[in-house]
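These are the residues of each chain, in order.
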Amino acid sequence: MRQARRVISAGASAAVAWPVSFDARMAVFYFVLIAVLPLLAPRLGGGYLLIIGERAVIFAIAALSLELLIGAGGLVSFGHAAFLGIGAYAGGIAASHGLGILSIALPAALAAAAAFALATGAIAVRTRGVYFIMITLAFAQMAFFIATSLAPYGGDDGLTWPTRTTVFGARILKNETVFYYVGLALLILTYVCLGHLLGSRFGRVLRGLKDNDTRMQAIGFTPYLYRLAAYVIAGTLCGAAGFLLGNQAEFVSPAYMHWQRSGELIIMVLLGGSGTLYGPMFGALVFLLLEEALSHLTEHWKVVLGPALVLMALFASGGIAGAIAGWRQRRGALARLASARARSARRHLAAGLARLPSWHGLRQPLRTYAASCLDWLAARTPARWRAGKRALRRGLQGSPALRPRGLRASIARWWQP
Amino acid sequence: MTATLLRLREVSKSFGALRVAEALELEVLAGETHAIIGPNGAGKTSLINQISGALAPDAGHILFEGRDVTQLSTAARAHLGFARSFQITQVLPRFSALENVALAAQARAGSSFRFWRPAAAEAALNHTAMQSLAMVELAERAQAPAGTLSHGEKRRLEIAIALAQAPKLLLLDEPMAGAGREESRALIGMLEGLKGRFGMLLVEHDMEAVFALADRVSVLVAGRIIATGDPATVRANPAVRAAYLGEAA
C-alpha cells in the first residue's frame, strides 16, 4: 500500500511538460538572433535587412497560428492566408477613413478575422483530411474574390494605407526600429501564449483529438467544439499578423489572400518542422531568406525553390526541427555507445593487468596510466564518435537512431520502403 | 428487485440487406454483469456501437436509467455514465499512459476550455489517474507512451481509462481478444474484482471468461436474442446449442 502511494506521488510529480525545454531554448536562440539583427544591419545592407527581419517576425506569427491547427489539431488549413488579408484590409480600411488608431483598427482587425473564422470554421471543421483542405481553400478564394471586387478600396490594385496605425496619437510605429521590436515583442507574446495553450486542458484535448478522436469521444469530448475554438483562435492570431503586415507594407492587396500565400504558410510550418513551436518560426525565416536569395540569383527562382521543397518533403519530412531532433538523438545514441564501450574496454584492461606478474611495483602505475589514457579518449567527443562508429560497423545498425545516413541511404530507403 | 440500468426497446439496424438487429430487446440491471455471446456476424459489435452512440439504430429506443438516449452523441452518453473498451484497442498512442487516464478524469472534472494552466500539473487529475492505473497494475508504466505498451497492457489501460470515468455502465467489446492464456486469466481476475461496482455489458468469444464473469447471458443470433438467462440455463438451452454450437436441436 505504501509502495503504491509512493508510485502515485512519483507519477504525479513527473508529469509530462509541454512544450519541452529544448523547444524553449531554440526559441530563445531565435529571439536573440532576431533581436541583434538590427545591430548588424548597418554593415549588412541597412534598412533592407530590417524589413526582411520585420517580415520574418510577422510571418512567424502567422506560421505559429497555422501550427496550432496543423501540429496540435491535425487540421491542415489551405486557406490560412485569408486571415492575413482580412487583418490587413480591416486595418487599411479603418486607416482610409481616418480611423487608423490602435484602439479602433486593431480590435476591428481581430474581430473581422474572428468572425470570418467562426463563420467558415463552423462548416469547415465538420470535415477532416482532404475535405478540410478543399473547403478552407474554397473559403479563402471567396475572400480573395470579394477583395478584388472591393472597388472603393482599390479592388484588384489593392489599397495603400494613408499611414501606419498611430498609438495613442503618436506616430511611433513610423520609426522602423520601433516597429521591428514591437513585432518581435508580439511574436514572443504569441510564443509564450501558444506554449501555455498547448499544455493547458484545452491544448491537451486538441492534441488528443489529433491522436485518436474515437477514444476522445468515448471519454466524453465533443471534437467539433474544440476544433472550432482552435480554428477561431488561430484565425484571430493570423488576423493580428495580417494587421502587422499591412502596417509594415502600408499597403494591402487581394494577393495577400491568394492560395499561393496559403501554400507558402504551410511550407513555412513544414519546412521548420511541425510539432514544435520553434520550428515554424525558423521555417518562416528560412523561407523568406531563400525567397530573397534565389530571387536575386534568377528571375525564375520558383523553378529552384519548388524542387528544393520536393526534396525536403521526401528526405527531411520533419523539417528543420526534425533534422535537429534526429541529430540530437544520433549524438546521444553514439555517445552512450562510446561510453559503454570505453567502460567495457577499461574493465578488460584492468582484468588483463591484474593477471600480469608484479614487476618491481610496475603494475600499479601501468594500470593507472592505461586508465587515464582511456579517460582522456572517452572525454573527447570526436574519440567518442569514432568509438561509436566502430561499434556501428560491428553490426549495431538495428536501432532506428543509428540507421545509415547520407543521400544514397535516404534514396534507397525511400525507394524500397 | 434491482433497478434497470439500460434497456433496449425494439432496436433494429441493418446494413443494406444484412440485418444486425431485429426488434431487439435487452435489459442490463444496475450492478449486473451481462454477457452477450453469439456466432461471428451476429451483430454483437454493432450492438455495442449502437449502445455507445457510435452507430444510430434504424428504429427503436435505447433507455438509460429510464431516459431515452437514442439521439445523444457518444460524448453526451459518456457524461451520463457510459464507458467502453474497443475490440481493437483505442488509446492515444503519443500520450503517456498517465495522460491517457488523466484526460478521462479531466472530461468529468470541470470545463476543458481552460487555456493557460498546465494540465499536466493538475494534481487532482493525476492522482485519480494514478489510482486507476494502480487498480489495473499499470502504475509502473505510467510514464510510458501508450503506443509503446504491449497488447495486454493496452487492454488494461483501456480499463483504467474507463475506471477514471467513474462509469455506471461499462461496455466491453471482446476484452480478451488477442490476449494470451495468462493475460486472459489476469484480465478475468481484474474484471471479477470490479463486478458489482457498475453494470457491465460484455461481448466475448472466450467462454471461460463469460462463464466466470457473467450473472446473465444473452445469445445473439442473426440480430435476434434467442435466449437470456443465467449461464447454466443458457448452456443447457437446446435452441442455443443448435444455433451456436451447430448441433442438431
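Everything numeric in this text was worked out from a predicted model, so none of it was measured.

**What about the overall build of chain A?**
So, step 1. What chain A contains, in helices and strands, is 17 helices and 2 strands.
So, step 2. Restricting the contact set of chain A to residue pairs at least 6 apart, pairs at least 24 apart contribute 77%.

**Things to note about the nonpolar core**
So, step 1. Of all hydrophobic cores here, the largest spans 173 residues; its most connected members are Ala60 and Ala63 of chain A together with Val101 and Leu133 of chain B.
So, step 2. Residues contacting Leu133 of chain B, with those up to four places away along its chain left out, are Ala97, Leu98, Val101, Leu138, Ala139, Ala142 and Ala160 of chain B.

**Points about the interface of chain B and chain A**
So, step 1. Residue-level contacts link 43 residues of chain B with 29 residues of chain A.
So, step 2. Looking at side-chain class alone, the side of chain B that touches chain A contains 23 nonpolar, 13 polar and 7 charged residues.

**Here we look at the sheet that holds strand S1 (residues 4-15) of chain B**
Residues and elements named next belong to chain B.
So, step 1. Spatially, S2-S1-S4-S5 is the arrangement adopted by the 4 strands of the open sheet, whose pairing is antiparallel. Strand pairing shows two members of the sheet lacking a second neighbour, strand S2 (18-29) and strand S5 (67-68), which therefore form its edges.
So, step 2. Here S1 pairs with strand S4 (residues 59-64) via 5 bridges, running antiparallel. Within S4, the residue paired with Arg9 across the bridge is His61.
So, step 3. On the sheet, helix H1 (residues 44-52) packs against S1, S2 and S4 and is oriented at approximately 120° with respect to S1.

**Details of helix H6 (residues 129-148) of chain A**
All names here are of chain A.
So, step 1. Between its terminal C-alpha atoms H6 stretches 29 Å, which fits the 28 Å expected from 20 residues at 1.5 Å a residue.
So, step 2. Residues Phe132, Ile135, Thr136, Phe139, Ala140, Ala143, Phe144 and Ala147 constitute the buried set of H6.
So, step 3. Where the residues of H6 are buried, they touch helix H4 (81-96), helix H5 (102-124) and helix H11 (259-272).

**Some thoughts on the domain arrangement of chain B**
Residues and elements named next belong to chain B.
So, step 1. Assigned domains of chain B: these are domain 1 (1-81 + 167-249) and domain 2 (94-165).
So, step 2. Between the C-alpha centres of domain 1 and domain 2 the distance comes to 26 Å.
So, step 3. Between domain 1 and domain 2, the contact holds 9 residues from the first and 8 residues from the second.
So, step 4. In terms of residue count, the dominant contributor to the side of domain 1 that touches domain 2 is helix H6 (residues 181-194) (3 residues).
So, step 5. Class assignment of the residues belonging to the side of domain 1 that touches domain 2 gives a composition of 7 nonpolar, 1 polar and 1 charged.

**Some points on the pairing of strand S3 (residues 33-37) of chain B**
It is a general feature of regular strands that their side chains alternate between the two faces of the sheet.
Residue and element names in this part refer to chain B.
So, step 1. In terms of burial, S3 is a largely internal element, 5 of the 5 residues being buried.
So, step 2. Neither face of S3 is open: one carries Thr33, Ala35 and Ile37, the other His34 and Ile36, and all of them are buried.
So, step 3. Across 4 bridges, the pairing between S3 and strand S8 (residues 199-203) is parallel. By the bridge assignment for S8, Thr33 is matched with Met200.

**Quick word on the sheet that holds S3 of chain B**
Residue and element names in this part refer to chain B.
So, step 1. Read across the sheet, 6 strands follow the order S6-S7-S8-S3-S9-S10 without closing on themselves; strand pairing throughout is mixed. Here the strands that pair on one side only, and so sit at the sheet edges, are strand S6 (82-85) and strand S10 (224-229). Taking each pair of neighbouring strands and ignoring which way they run, the sheet shows an average axis angle of 20°.

**Things to note about the environment of Tyr278 of chain A**
Residue and element names in this part refer to chain A.
So, step 1. Inspection of the secondary structure assignment puts Tyr278 in helix H12 (residues 278-297).
So, step 2. Judged by local crowding, Tyr278 falls into the buried class, with 26 C-beta atoms found within 10 Å.
So, step 3. Along the primary structure Tyr278 and Val304 are separated by 26 residues, whereas in three dimensions their C-alpha atoms are 26 Å apart.
So, step 4. Discounting chain neighbours no more than four positions away, the residues touching Tyr278 are Asp23, Met26, Ala27, Tyr30 and Ala321.

**Focus on the confidence of the model for chain B**
All names here are of chain B.
So, step 1. Residue-level pLDDT values for chain B average 91, and 97% of them are 70 or greater.
So, step 2. Across chain B, helix H3 (residues 97-108) holds the top mean pLDDT of 96, while helix H9 (residues 238-245) sits lowest at 77.
So, step 3. Overall fold confidence for the complex sits at a pTM of 0.86, while the interface term, ipTM, reaches 0.93.

**Details of unusual backbone geometry**
So, step 1. Phi at Glu250 of chain A is positive, roughly 50°, even though this residue is not glycine.
So, step 2. Within the element layout of this structure, Glu250 of chain A appears in the loop between helix H10 (223-249) and strand S2 (251-252).
So, step 3. In this model, Glu174 of chain B sits at a positive phi of 50°, which is unusual for a non-glycine residue.
So, step 4. Here Glu174 of chain B is to be found in the loop between strand S7 (169-173) and H6.
So, step 5. Judged by local crowding, Glu174 of chain B falls into the buried class, with 21 C-beta atoms found within 10 Å.

**Things to note about the confidence of the model for chain A**
So, step 1. Across chain A, the average pLDDT comes to 84, with 80% of residues at 70 or higher.
So, step 2. Low pLDDT (under 50) marks residues 1-19 of chain A, which in the prediction has 35 contacts with non-local residues, meaning those over four places away or in another chain.

**Considering the packing of H4 of chain A against H6 of chain A**
Residues and elements named next belong to chain A.
So, step 1. H6 packs onto H4 with a crossing angle of 30° between their chain directions and a minimal axis gap of 9 Å. Looking at the two axes, H4 sits roughly parallel to H6. Of the two possible hands of crossing, H4 and H6 adopt the one that is left-handed. The segment H4 lies against H6, with Ala81, Ala82, Gly85, Ile86 and Tyr89 engaging Phe139, Ala140, Ala143 and Ala147.

The rules we used
Numbering of residues begins from 1 in every chain and follows the order in which that chain's sequence is written. Chains and ligands are labelled by the order in which they are written, letters from A for the one and numbers from 1 for the other. Only residues with pLDDT of at least 70 get local features here, since the model is predicted, and only at 80 or more are side-chain atom pairs given and counted; chain-wide, interface and lining totals rely on the full set of residues. Secondary structure counts use DSSP, requiring at least four H or I residues in a row for a helix and at least two E residues in a row for a strand, with both numbered from the N terminus. Placing a C-beta atom from the backbone of each residue, one calls two residues in contact when those atoms lie within 7 Å. By convention the nonpolar core is taken to be a set of buried residues drawn from Ala, Val, Leu, Ile, Met, Phe, Trp, Tyr and Cys and joined through C-beta atoms within 7 Å. Residues are called buried when their C-beta atom has 20 or more other C-beta atoms within 10 Å, exposed when it has 12 or fewer, and partly exposed otherwise; all C-beta atoms are positioned from the backbone. Side-chain classes are defined by residue name, with Ala, Val, Leu, Ile, Met, Phe, Trp, Tyr, Cys and Pro counting as nonpolar, Asp, Glu, Lys and Arg as charged, and the others, Gly among them, as polar. DSSP bridges decide pairing: two strands pair if at least two such bridges lie between them. Think of each axis as a best-fit line through the C-alpha atoms, taken over the contacting stretch in the case of a helix, with angles from 0 to 180 degrees between the N-to-C directions. Residue count minus one, scaled by 1.5 Å, sets the expected span of a helix. All domain edges in this entry derive from an automatic or database-based domain assignment. pLDDT: the predictor's confidence for each residue, scored from 0 to 100. Oblique is the label for every angle not falling under 35 degrees (roughly parallel), over 145 degrees (roughly antiparallel), or within 65 to 115 degrees (roughly perpendicular). In this scheme the handedness of a crossing depends on how the near helix is turned from the far one: anticlockwise by less than a right angle means left-handed, clockwise means right-handed.

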